[in-house]
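What follows is the residue order along each chain.
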Amino acid sequence: MANHQATKKDMRQAAKRRDRNRYYGKTTRNAIRDLKVITDQKGAKEAMPSVESMIDKLAKRGVIHKNKAANLKSKLAKRVNTLASA
């Protein structure tokens, strides 16, 4: 257990950040899951920008790595674009 005032504060801040990061990460994962369920291309293309924005924000905040964000966006874009041919 922390004994110094600054260390206690750091623990409080870390707990807040952890909860916030978990919330944003889970919300983004749910949005990605919902986007994958959409079967029509028009609906998927409308939902895509908001999901990409959420992914970019996670990368900017350091919750996920920027390469992981790029990979996620690439896979989603590929999936949305294949809906046209299906």
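Structure's up top.
The shown structure was predicted, so the numbers you read here are calculated from the model rather than taken from an experiment. (Residues numbered from 1 in each chain as written. Predicted model: local features only at pLDDT ≥ 70, side-chain atom pairs only at ≥ 80, totals over all residues. Heavy atoms only, no water.)

> Hey, could you run me through the overall build of the chain in this one?
Along the chain, the regular secondary structure elements total three helices and zero strands. The helix and strand sequence of the chain, counted from the amino end, reads α-α-α. In terms of overall dimensions, the chain is more spread out than a globule: its C-alpha atoms have a radius of gyration of 17 Å, far above the 12 Å expected for 86 residues. Dimensions along the principal axes, computed over C-alpha positions, put the chain at roughly 60 × 20 × 15 Å. Taking all 86 residues of the chain together, the buried fraction comes to 19%. Considering only intrachain contacts with a sequence separation of at least 6, the fraction spanning at least 24 residues in the chain is 54%. Carbon and sulfur atoms make up 50% of the accessible area of the chain, which amounts to about 6,700 Å² in all. Where the 23 positive side-chain charges of the chain centre and where its 7 negative ones centre are 7 Å apart. (Helix = DSSP H or I, 4+ residues; strand = E, 2+ residues; numbered from the N terminus. Rg over C-alpha atoms; globule rule 2.2 N^0.38 Å. Buried < 20%, exposed > 50% of the residue type's maximum accessible area, 1.4 Å probe, protein only. Contact = heavy atoms within 4.5 Å. Areas by Shrake-Rupley, 256 points an atom, 1.4 Å probe, with all protein chains shown as cover. Lys, Arg positive; Asp, Glu negative; His and termini not counted. Charge placed at Lys NZ, Arg CZ, Asp CG, Glu CD.)

> Could you clarify how one ought to interpret the nonpolar core in this entry?
Nonpolar side chains tend to gather and get buried jointly when the protein is soluble and globular. Ala-31, Ile-32, Leu-35, Ala-44, Met-48, Val-51, Ile-55, Leu-58, Ile-64, Ala-69, Leu-76 and Val-80 together form the largest nonpolar core, which totals 12 residues. Counting residues per element, the ones that place at least two in this core are helix H1 (5–37), helix H2 (41–61) and helix H3 (66–85). Looking at which element gives the most residues to this core, the answer is H2, with five residues. Once residues lying within four places of it in the same chain are set aside, the contact partners of Val-51 are Ala-31, Ile-32, Leu-35 and Leu-76. (Core = buried A, V, L, I, M, F, W, Y, C linked by side-chain atoms within 4.5 Å.)

> What is the right way to look at the pattern of salt bridges in this model?
Should the charged atoms of two oppositely charged side chains come close, the side chains can pair. In this structure the tally under the stated criterion is two salt bridges. Taking the shortest distance from any N to any O, the salt bridge between Arg-33 and Asp-34 comes out at 3.7 Å. A residue is classified by how much of its surface remains accessible, and Arg-33, at 48% relative accessible area, is partly exposed. The class of Asp-34 is partly exposed, set by a relative accessible area of 43%. For the salt bridge of Asp-56 with Lys-73, the shortest nitrogen-to-oxygen distance reads 2.8 Å. You can see Asp-56 sitting in helix H2 and its partner Lys-73 sitting in helix H3, a full 17 residues away along the chain. Taking the relative accessible area as the measure of exposure, Lys-73 reaches 23% and is therefore partly exposed. (Salt bridge = Lys/Arg side-chain N within 4 Å of Asp/Glu carboxyl O.)

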